[in-house]
Amino acid sequence: MFITFKKWTALYVATILALFAIFAAILWQGNAVNASKNLELKQNGEFILIIDPGHGGFDPGAVASDGTTESKINLAVGLQMEEMARLLGVETDMTRREDVSTESDANAAVRQRKNSDLKNRVEQINGISGGVLVSLHQNSLPQVPAVHGAQVFYSEVEDSRELAETVQSALNTVINDRNKEVKAAGGGVYLLKNAKIPAILVECGFLSNGDETALLNTQAHQNRLALTILASVLEHLQ
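Residues numbered from 1 in each chain as written. Predicted model: local features only at pLDDT ≥ 70, side-chain atom pairs only at ≥ 80, totals over all residues. Heavy atoms only, no water.

## Quick look at the overall build of the protein
What counts is decided by this rule: For helices the rule is a DSSP run of H or I covering at least 4 residues; for strands it is a run of E covering at least 2, with both sets numbered from the N terminus onward. The classification of residues rests on relative accessible area computed with a 1.4 Å probe and restricted to protein chains. Under 20% of the type maximum is buried, over 50% is exposed, and intermediate values are partly exposed. Residues count as neighbours in contact if any of their non-hydrogen atoms are within 4.5 Å of one another. Surface accessibility in these figures is a Shrake-Rupley result with a 1.4 Å probe; residues are shielded only by whichever protein chains are displayed.
Scanning the protein from terminus to terminus reveals seven helices and six strands. Looking at the protein as a whole, 51% of its 238 residues are labelled buried. Taking all contacts inside the protein whose residues are at least 6 apart in sequence as the whole, residues at least 24 apart take part in 77%. Here the protein has roughly 11200 Å² of accessible surface; of this, 52% comes from carbon and sulfur atoms.

And the structure:
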């Protein structure tokens, strides 16, 4: 366990209070208002939170030694985020809500299917006006199994780094036992390279670490991740 019970309890309460403070602000203002002048919002002042649970279907992503698949954890956290967001009246969209892939041709070669899946996600994401993207993933570094913790990557679109820093700060407080820094995704992450909206990718943990994999499989930790990411995204956008 990477965080003590007392520390988690205090931070959990603080995060919930922050989330409801954001909710109150939304109600008071009537519409979600963006504090960043660089973020293009819809005409009515609202944004759409796009949640992308990475991988899915034929593509499990990283796989832990106990058989835990990245796609499963990504989807579980994403669905929790969407449910919490909807409770707060935040409009959402997801690239998938089931263990499926979005490729166009299921009979194509694996590499082609993966490329098609990513292209279809990008097309969906860029087709949403006023969108803000949070892509959920799990990391893996089998050669150094002790490495653990959540880290945020950002695209080159304006406001993405600032959003990433807000989310990383919250993850460092609530999830991580040592601080991690945000990183530019660069050209190696197709989704962030091609998304035309503010976009971040959250590596929620390391499936190559046994203890962290056990945590990631629990409902409580999935809820912690979903709540922390959502609250910090809303904090930034308000």
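## Description of the side chain of N209
Applied cut-off: N or O atoms within 3.5 Å of each other form a polar contact, as long as, within protein, one can give a hydrogen and the other can take it, and as long as residues adjacent in sequence are counted only when both atoms are side-chain atoms.
Here N209 lies in the loop between β6 (199–206) and α6 (210–216). At 3.3 Å, the side chain of N209 and the backbone oxygen of A146 are in polar contact.

## Regarding helix α4 (residues 160–174)
Rule in force here: By this rule, a helix spans an expected 1.5 Å times one less than how many residues it contains.
Taking 1.5 Å of rise per residue, 15 residues should cover 21 Å, and α4 covers 21 Å from first to last C-alpha, within 8% of that figure. Listed in full, the buried residues belonging to α4 are S160, L163, A164, V167, Q168, A170, L171, N172 and V174.

## Considerations on the side chain of S160
The topology assignment puts S160 in helix α4. Judged by its relative accessible area of 0%, S160 falls in the buried class. Only 3.0 Å separates the side chain of S160 from the backbone nitrogen of A199, close enough to count as a polar contact. Once residues lying within four places of it in the same chain are set aside, the contact partners of S160 are Y154, S155, I197, P198, A199 and I200.

## Brief notes about the sheet that holds strand β5 (residues 183–184)
Using the following cut-off: We call two strands paired when DSSP finds no fewer than two bridges between them. Simply put, an axis is a line fit to the C-alpha atoms, just over the touching stretch for a helix, and the angle between two N-to-C directions goes from 0 to 180 degrees.
The strand order across the open sheet formed by six strands is β2-β1-β3-β6-β4-β5, and the pairing between neighbours is mixed. At either margin of the open sheet sits one strand with a lone partner, and together these are β2 (92–94) and β5. Across four bridges, strand β4 (residues 151–154) lies against β6 in antiparallel orientation. Note on β6: the bridge partner recorded for Y154 is I200. Together, β1 (48–53), β2 and β3 (131–139) form the strand contacts of helix α3 (residues 110–126), whose direction differs from that of β1 by roughly 170°.

## Focus: the packing of aromatic side chains
Short version of the rule: Aromatic rings from Phe, Tyr and Trp, with only the six-membered ring used for Trp, were paired whenever their centres fell within 6.5 Å, and each pair was classed as stacked if the ring planes differed by under 30 degrees, edge-to-face if by over 60, and tilted otherwise. A ring is considered to have a charge above it if a Lys NZ or an Arg CZ atom is located within 6 Å of its centre and within 35 degrees of its normal.
Under the counting rule described, the total for this entry stands at zero aromatic pairs. Directly above the ring of F58 sits R113, whose terminal nitrogen or CZ lies 4.0 Å from the centroid.

## Observations regarding the pairing of β4
Within a regular strand, the side chains alternate between the two sheet faces. Taking every second residue as pointing to the same face, both faces of β4 are buried, with Q151 and F153 on one and V152 and Y154 on the other. In this sheet, β5 lies alongside β4 in parallel orientation, the contact comprising two bridges. Its bridge partner being in β5, F153 is matched across the sheet by K183.

## Comments concerning the packing of α4 against helix α7 (residues 219–237)
To characterise two packed helices, one gives the angle between the axes of the helices and the distance between these axes. Short version of the rule: With respect to orientation, any angle under 35 degrees is reported as roughly parallel, any angle over 145 as roughly antiparallel, any angle of 65 to 115 as roughly perpendicular, and every other angle as oblique. Crossings are sorted by hand: turned counterclockwise from the far helix by less than a right angle, the near helix makes the crossing left-handed, and turned clockwise it makes it right-handed. Basically, the charged four are Asp, Glu, Lys and Arg, the nonpolar ten are Ala, Val, Leu, Ile, Met, Phe, Trp, Tyr, Cys and Pro, and anything else, Gly included, counts as polar.
Contact pair α4 / α7: the axes reach a minimum separation of 9 Å and the direction vectors enclose 140°. Comparing their axes, α7 and α4 come out oblique. In this structure, the crossing between α4 and α7 has a hand that is right-handed. In this structure, α4 uses E162, L163, T166, V167, A170, L171 and V174 to contact α7, whose residues at the interface are L225, T228, I229, S232, V233, E235 and H236. Of the residues that constitute the contact of α4 with α7, the class distribution is eight nonpolar, four polar and two charged.

## Observations concerning the nonpolar core
Cut-off, in case you're wondering: Here the nonpolar core consists of buried residues drawn from Ala, Val, Leu, Ile, Met, Phe, Trp, Tyr and Cys, with membership extended through side-chain atoms lying within 4.5 Å.
Ranked by size, the top nonpolar core spans 39 residues in total, and within it L49, V202 and I229 carry the most contacts. Put simply, the parts of the chain that give this core at least two residues each are β1, α2 (70–87), β3, β4, α4, β6 and α7. The contact partners of V202, leaving out residues within four places of it in the chain, are V134, S135, L136, H137, Q151, V152, V167, L171 and I229. Within the second largest apolar cluster, 14 residues are counted, among which are I48, I50, V122 and A185.

Geometric values such as these leave the question of function open.
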